[in-house]
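Residue strings, one per chain:
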Amino acid sequence: MIRKILLICFCAIMFCLQGFSQTLPVTGRVVSALDKQPMAGVTVSVKGTTAGAMTNINGEFTVNVPAGKATLVVRFLGYLPKEVPVTGGQTGIQVQLTEDVQQLTDVVVVGYTSKKQNELTSAVSVVSANKLKDVTANDIGTMLQGKVAGLNVVNSSGAPGAAAEIRLRGVSSVNANQSPLIVVDGIIGGNYDPNDVESITVLKDAGATALYGSQANAGVIIITTKTAKQGETRFEAKISTGFRTADFGKMKVMNSNELYDYQKEFYRDYIVGAPDNSYKIDLVKFYNERPLSLRSQDYNWSKESFKKAPIYNFYLSASGKTEKNDYYVGASYYKEKGTFINTNFERVNLRGNSTYHFSKKLDVTNNINLRASKGKSYDYMDVYYSFLNMPWDNPYDANGQPIYVDGNSTFKWWSRDKINPLNTVKNSDHSYKGFNVNYDLGINYRITNWLTFTSTNRVAASFDKGTNYVSPTAAGTYHGTGYIDELNTLNYGLISNQLFKFDFKMGDHSLSGFVGGAFETSKSEYSGASGKGLPEGLKVLNVVSNNQLVNGANNKYILQSLLSQVNYNYKNKYFLSGSFRYDGSSNFAPSKQYGGFPSVSAAWLASNEDFLADNNIINNLKLRGSYGITGTQDIGASRYLGLFSLTTQYNSLVGAVPYQLANPNLTWESKRQINAGIDIGLFKRLNLTVDVYRNDTKDLLLQVSQPLSVGFETRWENAGTVVNKGIEVGISSTNVLTKDFEWNTDFTINFNNNKLSGFPSDIIKTGSWSISQIYRNGGDLFEFYMPKWLGVDAQTGAPVWEKIIYNTDGKAVASEKTSDYAQATSQEVGSALPKFQGGFNNSFRYKSFNLRVSTYFNYGNKVFSNNLRFMMNDGHEPYYNQIKLPDGAKIWSGPGDTQATEPSPQNSANSTETSTRYLKDGSYFTIRNIAFSYTLPIAWAQKIAMKGVTVGVTADNVATFSNFLGQDPQTTITPGSFATPGVSDFKYPNNRQYLLTVNFNF
């Protein structure tokens, strides 16, 4: 009986257990919400059980769940976890994972190490690859425009291969390089392809930049290239193609009829004895000198010289992870034809990144980047004539070939300088080529669980060759002789950093940092030659017959450093960081070679305090502050030496002539930086960052005037201070976030004020075309210095300028008008640096459609439109084409004409001399980029053996809104031998670009 009862109970228990343990399979697929691509290696577990599975290469999974209802938990590193309710036996589930933006940006590369975002104590901006890919540009500067508060980006040239000019928090030096230091994969310098960039970190204040000491005076931009993210090998291919067109801004030249009617004003015949200077047009003389047939001769020189130009970009990469090795390989080919005839640029880039894990303690990284490029540049004068030549000249002969023109030509050529730039371009060559190789070796050895030795090393070499050739058949200076000039440049060097890094915790206290040394050396070797007397058809140096010139130079540079940093963290609320770098540079005398660069920064993460722990409004609140010193020695390797020029001869031997006055006390410029900032996160949707800064650059490296008794006009000295003060604001928000629709906004703005002090005297720099800028105490950098234009004398039609009246003490007491340019007073009339600039960017996603609109604005700078002195010349040069007069412009028509803005052609002496007549407001707002893309459904992609396919169209430099009269107001802010900051002078125009891009993942 007992046996029967036990048997019945056992069967009942087994039946119950069978019913309880019955499971049914659930199948599905995991894809990325951003691009709908399948995700491999995703963990799918059944909530409340130990059951689970992992997605395969196609993102597919099968997991057994108990009969009835259950919940799947889907997790993957870098994505927000997701819970999905299911029913046993359900199939075809589609799970979309969204990137965890906070987690993706949680680790930030700063200095020689990395930190979690909540540990940052300094002003740092991170731009992810997702925010960089909207602009398919050739350089990082253009891609960053409008995306980082405080970063001023100027596209000053549209020439093929040209890079944007970048300035961070204003300009803080007169002579030293002001481009931010570029760091690639943790090592100073290096090359990269924009397709290979994973993220960019911009270090702004000394708390972040002082670790780079004397090289970080203008800020630091850290570029991190791509590495593998998933286990299996993933391939990506991207094909972009499209075209560019030249953007001439508001510099619209006259056509044949417009110029014909305009020139009638040059033939005013004033009525003798008339009290009101009345006149009539002498049509008989005009038609005699300007036959009516000119109206039918209309040749658009800009259209002939600037053409629609194709552009191509091909990119292929492979990446993957194994237990022992992480690898990434990328190859790209980029080609653009310039909008100006016979200009182009091509580049091939190959990158390989690999990290091999020898053991749990030892990792070895090998990165290599190979680049080769070639292209054709242009001659400034060819662009110059392409704007100024008159529409009455036909550039082609009967066979459609550019005709040869010079002063001896028997046919009528109306344009002043008797040059056909189309013929010159055809008979000249301004080519260049080069290659570059960077090899990085990194060793990471974990000595203990808190101490690591890190060694990062780079060897680099590059060779570049440039040629300028003019055929003997070309018109101009070298007609009949020809000319060739070649320059070869070889650069090679080594960078080595050896650091001991520590990181350990003691209860609520955390301490991390490093100590070590750095060594950098580079050498440049220049060699070249030039000459005239070339046989037609040959362009090699060994056939030149006269004016032969050989030149060459070497330059060596060494920098050795000790560096250290300590970071303290208490309860993940209070953070303190300090660093010190000690640099020794060969650019100074032995007694002045070394300089110290300390920094200290602190932060309070208030949102981690108990009183904000459960706050539903404020999810992040951090207060930051920093102080530190950086410096610069970037003015050349021999400024402290007394130098002699050996380019002359005496008695058939080399003669030495004093060239530079020695200054053994010359030393570093030093930049003292103070920064205070606040980071606020609201509703987990809105992030606000505000920084206030003051940067004082002292002991400027200047060429200071010397007494006449010294025998030299100037000497390099440390004198003067540049002060930059400003406010930066950055806002990012998620305005709408639903399953199918998402809208994100980013806004940045930076206000910067620039002042000079401590100068020994006023320094007036006069560049090309006698356009001057003044450097004086209390003034601004790049402050234009010229007479003020007051318009036109209503009675005479003569130009009028302002004359300042000074008392005996030299103080201005009054002003008056003058038509005598020699009496006009030069004055400070505005700086080439903007008062504020920023960007406003929006991205939208609806299901598989994505739209991004990026804009940029710039306000408060002055630009001298030098083009206008030729193209609004009041008849001074009647054989140059003219710009269409803007709305409201009016040529003086007679006494009492108070509405006139342009002088009388018969009474316009000196009207085109340098004055504020051509100094314009450089403010502008530009729609920088519009990008629209569509990601194909997975099923469609799989039919062509792809994991994902995205098709997109982009438009760059879509539209610019500005009152600037002339070409694009984006004008150089870099001083040079033939360039003055803020002067627009027949530059190679910027381009509008339209591209179709197809991206394959497989």
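Scope of this entry: the structure provided in the associated data block.

Conventions and cut-offs
- Residues numbered from 1 in each chain as written.
- Predicted model: local features only at pLDDT ≥ 70, side-chain atom pairs only at ≥ 80, totals over all residues.
- Heavy atoms only, no water.
- Helix = DSSP H or I, 4+ residues; strand = E, 2+ residues; numbered from the N terminus.
- Buried < 20%, exposed > 50% of the residue type's maximum accessible area, 1.4 Å probe, protein only.
- Contact = heavy atoms within 4.5 Å.
- Core = buried A, V, L, I, M, F, W, Y, C linked by side-chain atoms within 4.5 Å.
- Pairing = 2+ DSSP bridges.
- Axes fitted to C-alpha atoms, helices over the stretch in contact; angles between N-to-C directions.
- Arc of directions from axis to C-beta.
- Polar contact = N/O pair within 3.5 Å; in protein donor to acceptor, adjacent residues only side chain to side chain.
- Salt bridge = Lys/Arg side-chain N within 4 Å of Asp/Glu carboxyl O.
- Phe/Tyr/Trp six-rings, centres within 6.5 Å; stacked < 30°, edge-to-face > 60°.
- Patch = residues over 30% accessible without salt bridge, like charges linked within 9 Å, V, L, I, M, F, W, Y side chains within 5 Å.
- Areas by Shrake-Rupley, 256 points an atom, 1.4 Å probe, with all protein chains shown as cover.
- Lys, Arg positive; Asp, Glu negative; His and termini not counted.
- Charge placed at Lys NZ, Arg CZ, Asp CG, Glu CD.

**Some thoughts on unusual backbone geometry**
A positive phi angle, near 60 degrees, is found at K571, a position not held by glycine. Mapped onto the elements of the fold, K571 is located in the loop between strand 29 (546–570) and strand 30 (574–585). In this structure K571 comes out as partly exposed when scored by relative accessible area, which is 40%. In this structure, N572 takes a positive phi of about 55 degrees despite not being glycine. Position of N572 relative to the elements: it lies in the loop between strand 29 and strand 30.

**Examining the environment of N58**
Position of N58 relative to the elements: it lies in the loop between strand 3 (52–54) and strand 4 (60–66). Along the backbone, N58 and F1002 are 944 residues apart, and their C-alpha atoms lie at a distance of 9.9 Å. Setting aside its immediate chain neighbours within four residues, N58 contacts R29 and P38.

**Observations concerning the nonpolar core**
L781 and F784 are the most contacted members of the largest nonpolar core, which totals 46 residues. Elements that contribute at least two residues to this core include exactly helix 9 (380–388), strand 37 (701–705), strand 43 (783–787) and helix 11 (868–871). Here this core takes five residues from helix 9, the largest share from any one element. If near-sequence neighbours (up to four positions away) are discounted, L781 is found in contact with V171, S173, V174, V722, N754, L756, Y775, S831 and L833. L203, Y212, V220 and F514 belong to the second-largest nonpolar core, a separate cluster that totals 21 residues.

**A short note on the environment of S455**
Mapped onto the elements of the fold, S455 is located in strand 26 (residues 451–470). S455 sits in the buried class, given a relative accessible area of 5%. With 63 residues separating them in the primary sequence, S455 and A518 have C-alpha atoms 9.9 Å apart. Each residue touching S455, except ones within four places of it in the same chain, is listed here: L441, G442, I443, N497 and Q498.

**With respect to the sheet that holds strand 4**
If you walk across this open sheet you meet the three strands as 4-1-7, and the pairing is mixed. This sheet does not close on itself; its edge strands, each paired only once, are strand 4 and strand 7 (93–97). Going across the sheet, the axis of each strand differs from the next one's by a mean of 40 degrees, ignoring polarity. Sheet analysis places strand 1 (residues 23–32) next to strand 7, joined by five bridges and oriented parallel. If you follow G28 over to strand 7, its bridge partner there is I93.

**Things to note about the pairing of strand 41 (residues 763–766)**
Here strand 41 pairs with strand 42 (residues 772–775) via four bridges, running antiparallel. By the bridge assignment for strand 42, I763 is matched with Y775. Taking the residues that link successive antiparallel strands as the turn, the strand 41-strand 42 hairpin has five residues, and the phi of W769 there is positive, at about 60 degrees.

**Some points on the sheet that holds strand 3**
In spatial order, the strands read 3-2-5-6; together these four strands make up an open sheet with antiparallel pairing. With one partner strand each, in any of the chains shown, strand 3 and strand 6 (82–87) form the two edges of the open sheet. Each neighbouring strand pair of the sheet contributes to a mean axis angle of 25 degrees, computed without reference to strand direction. Alignment of strand 5 (residues 69–75) against strand 6, held across six bridges, turns out to be antiparallel. Of the residues in strand 6, the one forming a bridge with A70 is V86.

**Side note on helix 6 (residues 256–263)**
Among the residues of helix 6, S256, L259, Y260, Y262 and Q263 are the ones counted as buried. All buried residues of helix 6 lie within an arc of 165 degrees about the axis, which places them on one face of the element. Where helix 6 is buried, its residues contact helix 7 (283–289). Two or three places before N257, at the start of helix 6, stands the capping residue N255, its side-chain oxygen 3.2 Å from that residue's backbone nitrogen.

**Focus on the pattern of salt bridges**
Per the counting criterion, the structure on display carries 31 salt bridges. R715 is the partner of E717 in a salt bridge, and the nearest nitrogen-oxygen pair spans 3.2 Å. Judged by relative accessible area, E717 falls into the buried class, the value being 17%. Judged by its relative accessible area of 23%, R715 is partly exposed.

**A word on the packing of aromatic side chains**
On inspection of all chains with the given rule, the structure shows 55 aromatic pairs. Relative to F387, the ring of F248 lies with its centre 5.8 Å away and its plane at 90 degrees, an arrangement referred to as edge-to-face. Here F248, found in the loop between strand 17 (234–246) and helix 6, pairs with F387, found in helix 9; they are 139 residues apart in sequence, far enough to count as distant. Overall, the relative accessible area of 1% leaves F387 in the buried class. Aromatic side chains F849 and F932 sit 6.1 Å apart centroid to centroid with 20 degrees between the ring planes, which places their arrangement in the stacked category. Separated by 83 residues along the polypeptide, F849 in strand 49 (residues 849–859) and F932 in strand 52 (residues 924–935) bring together distant segments of the chain.

**Section: the pairing of strand 43**
With four of five residues buried, strand 43 lies mostly within the body of the structure. By the bridge criterion, three bridges tie strand 42 to strand 43 in an arrangement that is antiparallel. Its bridge partner lying in strand 43, S772 is registered against Y785. Here strand 43 pairs with strand 47 (residues 826–831) via four bridges, running antiparallel. In the sheet register, Y785 faces strand 47, and the bridge partner there is E828.

**Remarks on the side chain of S317**
For S317, the position within the fold is in strand 20 (residues 309–321). Within the structure, S317 has its side chain in polar contact with the side chain of Y315 (distance 3.3 Å).

**Some thoughts on a positive patch on the surface**
Where like charges cluster on the molecular surface, the positive patch consists of K335, K337, K374 and K433. In this fold, K374 is placed in strand 23 (residues 362–376). We classify K374 as partly exposed; its relative accessible area is 46%.

**Looking at the environment of N64**
Along the chain, N64 turns up in strand 4. Of the residues examined, N64 reaches a relative accessible area of 44% and is grouped as partly exposed. Measuring from C-alpha to C-alpha, the distance between N64 and A51 comes to 7.1 Å, with 13 residues separating the pair along the chain. Every residue in contact with N64, bar those within four places of it in the chain, is listed here: T23, L24, P25, V46 and A51.

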